[in-house]
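# Working through the structure, step by step
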Amino acid sequence: MKIGPWLVLVMVLVAVPAHAEDGYRLWLRYAELPAASRERAAERLRFIEAPAASTSTLTAAAEELERGLTGLLGRPIDVVPPAGVEERAAGGAAGREADGAVLLGTPESLAVRGARIAVDSESPDAYRVTDARIDGAGVTIIAGNTDVAVLYGAFALLRYLATNGDPARLDLESSPKIKYRLLNHWDNLDRTVERGYAGQSLWDWTTLPEYRDPRYRDYARANASIGINGTVLNNVNANADILTAPYLEKAAALAEEFRPYGIRVYLSARFSAPMEIGGLTTADPLDPDVRDWWRRKAEEIYAAIPDFGGFLVKANSEGQPGPQDFGRTHADGANMLAEAVAPFGGIVMWRAFVYSDTNPEDRAKQAYSEFMPLDGEFADNVIVQVKNGPIDFQPREPFHPLFGAMQETPLMVEFQVTKEYLGFASHLVYLGPLFEEVLRADTFRKGKGSTVARVADGSLYGHELTAMAGVANTGTDRDWTGSTFNQANWYAYGRLAWDPELGAESLAGEWLRQTFTNDADFVEAATELMLLSREAPVNYMTPLGLAHLMATGHHYGPGPWVSNLARPEWNPVYYHRADADGIGFDRTETGSDAISQYAAPVARRFADLKTVGDEYLLWFHHLPWTYEIEPGVTLWEALVRRYDLGVAQVEEMQQRWVALESYVDAERFAKTSQLLQVQLREAKWWRDACIAFFRAVSGMPLPEGVAQPEHPLGYYMRIDNPYAPG
Ligand code: BDP
C-alpha cells in the first residue's frame, strides 16, 4: 500500500506527545504516577467537589487540582457542582456517593458541608490537607484559613502526590514562617532585564493593559505553588515613569492576573520621582509638598490596585537618588514613603545595599556603618532589605553583619536567584546550599542559635513584619530561566521563603521528583550532582574566600587584573590585594577591622587562622603565598589546587549527568549536556586566567604536576566581551 503524504503527516502528529519537554511546565508537570501509587491515589481521589462559594482563588484551586490530578492519575477527573442546599441541610452529599470526593474550602465553609476540621495556625496562609469521613464516606479535605491558603493546600496535595507521597497517609499541615515572600524583578520598561539571562522581561508593557499573555497566569501559578505572594515588577534602578498613570494601568492589569493566585504587585520607586514626573523642584523627604506628592501618588496607585503591596527602594546607592541628596537620612526617606502607603496597609522595603565612592572605608563595612545608627528610627511599616552578604552576591560570602545586629528594625534577606556572579544561566549551580548556608549562619547576637533564619522569620527579636526577597531569574525563554536546573533555584528560594528551616538537599529531591521522575536511583544521583554544583564555581572562580574577581561591568569571566576603574571598590585588585608578598583582604584588627561588626564569638572565629576555615580565609586575612595552609601545603599551592578542583568538579558533573541519560527526556537531557560543555569551557578559562595572573603577581612557580594555563596571561587580559548578556 502506498502511504500518502497526508497520512504520514497524521502519523507524525499523533506520535508527538501532547507536551514537549521544553521546560515550560517547570515543576508543575504532573506526570503520570507509577501504576501502584496511581491506583491507590485514584481510589481515594475520585472527583472534585467544586467549592460552594466560588471566588476566583477557589476556582483557581479547583482548576489546578483538576489539571494536576488528571495528569498524575492519567485520566480526567470530574469536577462536580457543590452539594445542593437541601442535601446540605440533610447532612451533605449522602453516604457512599461522596466516597472519594475532594473537598476544599475554609474551615467554616467545610463545616457547613459536614466536615469539621481545624487548622491550628492562625496565619491567613495556613492550610491542612487530610482525609476524613462524612456520613461514612471517605473524603479528602483541603482546608485553608483563607481562599489563598486553600490554594496553597491544593498545591501541597499535588506536590505530595507528585513526589510519591502515600495517599493513604495524608496529613499535611503548614503555615509560612515569613509573611511577605517576594520576587524582585530587575526588569526595565524596554523589556531588558538587568542581570537577566533568560530572555526578555515577562512583562510586555507595550501590549498591556489590553493583552493578557497567558504566561502571566502561569507565572502566578508557579509562584503560588511554592508560596511566593508578592512580586516587585520593575528594576531597583528604577525609572520614574512606572509611577505615571499609563504604567499604573498596566501594572493594575498584571495585578489582576496575579490576584487569584494570592500574588500582590509592588513597585520599585525612584526617589527623585516628584521632580522627574511631578514637576517639583525637590524630592526632600521633609518638604511638605514632596510628602504630599507621595501621599497623592499612593492614593492614585491604590485606586488602580487596591491590594498594592508597597514600594521597594534603592537609594543613595550606585548613583541612585536618595534622601542624602537633600541632607536627610535613609530613615527620613523610608518614613516618608511609609507614611504615604500606611493608610492602605502597604509596606516599604528599603535596601541597605549602599557604599560610597567618597568613603574610603572597606566596602564590606559601609552598610553596617550607615544603618546601625538608624536602628529604631524607621516607621512600623518599613523593613530594611539586606543582601545575604556584605559585598554583593558573590559565590560565597560570610553573612551580612547587619543580621542580628539591628534589633529594633525588622530586616529581610535579599538573595540573588539570577546568577550574576555564578556563571549566568549556563552554569549548573544549585543555589539551595548557598541559601541554606546563609540562613543557618549563627549571628550569636542573642547567644547561640541566633541564626539568620530567626532574623528572617522575626522570632529573634519578636518582629511581626517579616519578608524575604529573591532577585528573579525569569524571562521569556521557553523554559523561563534559561536552563532546567535554574528552575530549581527559583523553586528552592520560594520554599525557603515559606520556611527558612527547610534543607537544600530535601528541596533538591522534591524539585527533581516533580521536574523529572520519582525513580529513587535517579533522585539520589541527581541530588548529589546538584549538591556538588554549589562548590564548583567557588573553586573555579573565587576559592578560599576570594571575591569579586569578575570582569568589568557584565561580570562575565575572570578579570583579577582589573585596576583602572574609577572607584577603588569596582576593581578586583581591591578585593584580592595580591602582590609579590601575599594575597587576601585583612579585615582583622590589623586591617579594616570588619570583623568587629560581628558578635564577639563570630568575630573571634573569623579572626583566628585556626578557626576561620578555608571558605573565608582570604576574605578576612592577608597572608603570604608561602603560608602553610596545612602541613607541607603552601597557600599558593592550595589556591592552584582549588582552581584545578573546580574544573575537575565540572567534569565530574558532566559524567554524573551522562549517567542519568536513560531517566531524562531527550530535549532536556541535551540542553543540560550542552550547557555543561559551556560551563566546562568557562571553568577552564577562569582557572587558566586566574592561575596565570596570580603566578605573575606572586612570582611563584607552578606546583609540580599542575597543567600550564593554555595561553599566556596577556591573552586572557585582552579578552573583551562587549556583547555579554545581562
Ligand atoms: C549588583 C548588580 C547591579 C545592581 C546592584 C543592586 O551588579 O546591576 O543594580 O547589584 O543590587 O549586584 O542594586
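The following paragraphs examine the structure supplied in this document. Computed from a prediction, not measured in an experiment: that's the story for all the values here.

Quick notes on the rules
- Residues numbered from 1 in each chain as written.
- Predicted model: local features only at pLDDT ≥ 70, side-chain atom pairs only at ≥ 80, totals over all residues.
- Heavy atoms only, no water.
- Pairing = 2+ DSSP bridges.
- Helix = DSSP H or I, 4+ residues; strand = E, 2+ residues; numbered from the N terminus.
- Axes fitted to C-alpha atoms, helices over the stretch in contact; angles between N-to-C directions.
- Buried < 20%, exposed > 50% of the residue type's maximum accessible area, 1.4 Å probe, protein only.
- 1 Å grid on protein atoms, 1.4 Å probe; cavity = no way out; pocket = protein on both sides within 12 Å on 5 of 7 lines; lining within 4 Å.
- Points joined across faces, edges and corners; volume = space filled by probe spheres on them.
- Salt bridge = Lys/Arg side-chain N within 4 Å of Asp/Glu carboxyl O.
- Near = heavy atom within 4 Å.
- Areas by Shrake-Rupley, 256 points an atom, 1.4 Å probe, with all protein chains shown as cover.
- Nonpolar A, V, L, I, M, F, W, Y, C, P; charged D, E, K, R; others polar.
- Expected span 1.5 Å × (residues − 1).
- Arc of directions from axis to C-beta.
- Contact = heavy atoms within 4.5 Å.

### A look at the sheet that holds strand E3 (residues 101-105)
The six strands are arranged E2-E1-E3-E5-E4-E6 in an open sheet whose pairing can be described as mixed. What marks the edges here is a single partner per strand, and that holds for strand E2 (78-80) and strand E6 (171-174). Averaged over all pairs of adjacent strands, the angle between strand axes in this sheet comes to 30°, irrespective of strand direction. Of the pairings in the sheet, the one linking strand E4 (residues 127-134) to strand E5 (residues 137-144) comprises eight bridges and is antiparallel in character. Looking at the pairing, arginine 133 lines up with glycine 138 of E5.

### What to know about the pairing of E3
The element E3 is extensively covered by neighbouring structure, given that five of its five residues are classed as buried. Taking every second residue as pointing to the same face, both faces of E3 are buried, with Ala101, Leu103 and Gly105 on one and Val102 and Leu104 on the other. Here five bridges tie E3 to E5, and the two strands are oriented parallel to one another. Bridged to alanine 101 within E5 is valine 139.

### A few points about empty space enclosed by the protein
A full pass over the atoms with the stated rule returns 11 cavities of 30 Å³ or more. If you add up the space inside the largest cavity, you get close to 80 Å³. Lining of the largest cavity is provided by Ala352, Phe353, Val354, Tyr355, Arg363, Ala367, Val386, Lys387, Gly389, Pro390, Ile391 and His400. Mapped by element, the contributors of at least two residues to the lining of the largest cavity are helix H12 (363-371) and strand E12 (382-387).

### Let's talk about the pattern of salt bridges
Summed over all chains, the structure comprises 49 salt bridges. As a salt-bridge pair, arginine 44 and aspartate 131 come within 3.5 Å of each other at their nearest N and O atoms. Highlighted residues: arginine 44 in helix H2 (residues 35-44) and aspartate 131 in strand E4, separated in sequence by 87 residues. A relative accessible area of 34% means that arginine 44 is categorised as partly exposed. A salt bridge links aspartate 499 to lysine 177; the shortest N-O distance between them is 2.7 Å. You can see aspartate 499 sitting in the loop between helix H15 (484-498) and helix H16 (504-515) and its partner lysine 177 sitting in the loop between E6 and strand E7 (180-184), a full 322 residues away along the chain.

### Here's the deal with the site of the ligand
Neighbouring the ligand are 14 residues; Glu194, Lys314, Arg351, Asp392 and Glu420 lie closest to it. Calculation on the ligand without its partners gives an accessible area of 320 Å², and the protein chains cover 97% of this total. A per-class count over the shell around the ligand returns four nonpolar, two polar and eight charged.

### As for helix H22 (residues 666-698)
The periodicity of an α-helix, 3.6 residues per turn, causes residues three or four places apart in sequence to face the same way. With 33 residues, H22 extends 47 Å between its outermost C-alpha atoms, agreeing within 8% with the 48 Å of an ideal straight helix rising 1.5 Å per residue. Remark: glycine 699 follows H22 within two positions and exhibits a positive phi of approximately 70°.

### Considerations on H2
Of the residues making up H2, those classed as buried are Ser37, Ala41 and Ala42. Seen end-on, H2 carries its buried residues on one side only, within an arc spanning 135°. For H2, the exposed residues set more than 90 degrees away from the buried face come down to Ala36, Glu39 and Glu43. Tucked inside the fold, the buried residues of H2 contact helix H3 (56-73) and helix H6 (147-162).

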